[in-house]
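Chain by chain, the residues run as shown.
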Amino acid sequence: MVLRKGKFKPFSGPTKKGTFQTVEFGAGDAELIWRIANKNKSRKYAAIDPRLAPIMPTINLDAQRKSMEAVLENLKSNGIKTRHISIRMPNPKEVRDNQFRIEYLLSEAKNILIPNGKIFITSESGEIINKLLTLAPKYGYSVKQPKSLAAPKTRIERRFMGLERRPVYLVEITHRLKTAMPGSGKKAKEQRKNWAENALK
């Protein structure tokens, strides 16, 4: 990975030992991440959901029926990192009732994300999107304006939440390198540059 005009190229290539490419919370049937894992055998993935459906085993996908909180704590205590965290369609009611704890996620995710790692959250809920846009910067993340994705074509695709067809948005939140490795002096800048150049070796 190299610096180009102040930006980093997307993470690519095999994941290093002890590092996941993506940890997906609320994986449900894990169909999408299972297909991604099968196409990228040199990378490691994790599918996490207390109600995770049975899935066909694959050597590079760690499937666990556990809560987000338990897994974040376990990864943190074992020093395990990930390039990305993915959450697809969190239930607005669970967010409202604090069953899905956005602030807890933002607080703890930086303990497992590698510098410049990202959190990807897809949602159609304006309530959730506005909450992310407000809270992410307070926890030291940068956040892009939500990107509109193609709306699902059928109600069947949304049956698990019982919602009507609505546009879906992707929110990209980044654990900035300067937040992960703070400092403004020459030594700090050199440290960040060295990390970027050696991250995927």
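Predicted, not measured: the structure shown is a model, and the values here were computed from it.

Moving on: the pattern of salt bridges. For the structure on display, the rule yields nine salt bridges. Its salt-bridge partner being Arg51, residue Glu94 comes within 3.8 Å of it at the nearest N-O pair. Residue Glu94 is found in helix α3 (residues 92-96), and its partner Arg51 is found in the loop between β4 (45-48) and β5 (61-64); the two are separated by 43 residues along the sequence. Put simply, Glu108 and Lys76 hold a salt bridge, and the shortest N to O gap is 3.6 Å. With Glu108 in helix α4 (residues 102-109) and Lys76 in helix α2 (residues 68-77), this residue pair connects regions lying 32 residues apart in the sequence. Taking relative accessible area as the criterion, Glu108 reaches 16% and is therefore assigned buried. Given a relative accessible area of 38%, Lys76 falls into the partly exposed group.

In this section: the confidence of the model for the protein. Summarising the model, the protein shows a mean pLDDT of 81, and 76% of its residues fall at 70 or more. Low pLDDT, under 50, characterises residues 1-10; the stretch is placed with 18 contacts to residues that sit more than four places away or in other chains.

Calculation rules
Residues numbered from 1 in each chain as written. Predicted model: local features only at pLDDT ≥ 70, side-chain atom pairs only at ≥ 80, totals over all residues. Heavy atoms only, no water. Salt bridge = Lys/Arg side-chain N within 4 Å of Asp/Glu carboxyl O. Helix = DSSP H or I, 4+ residues; strand = E, 2+ residues; numbered from the N terminus. Buried < 20%, exposed > 50% of the residue type's maximum accessible area, 1.4 Å probe, protein only. pLDDT = per-residue confidence, 0-100. Contact = heavy atoms within 4.5 Å.

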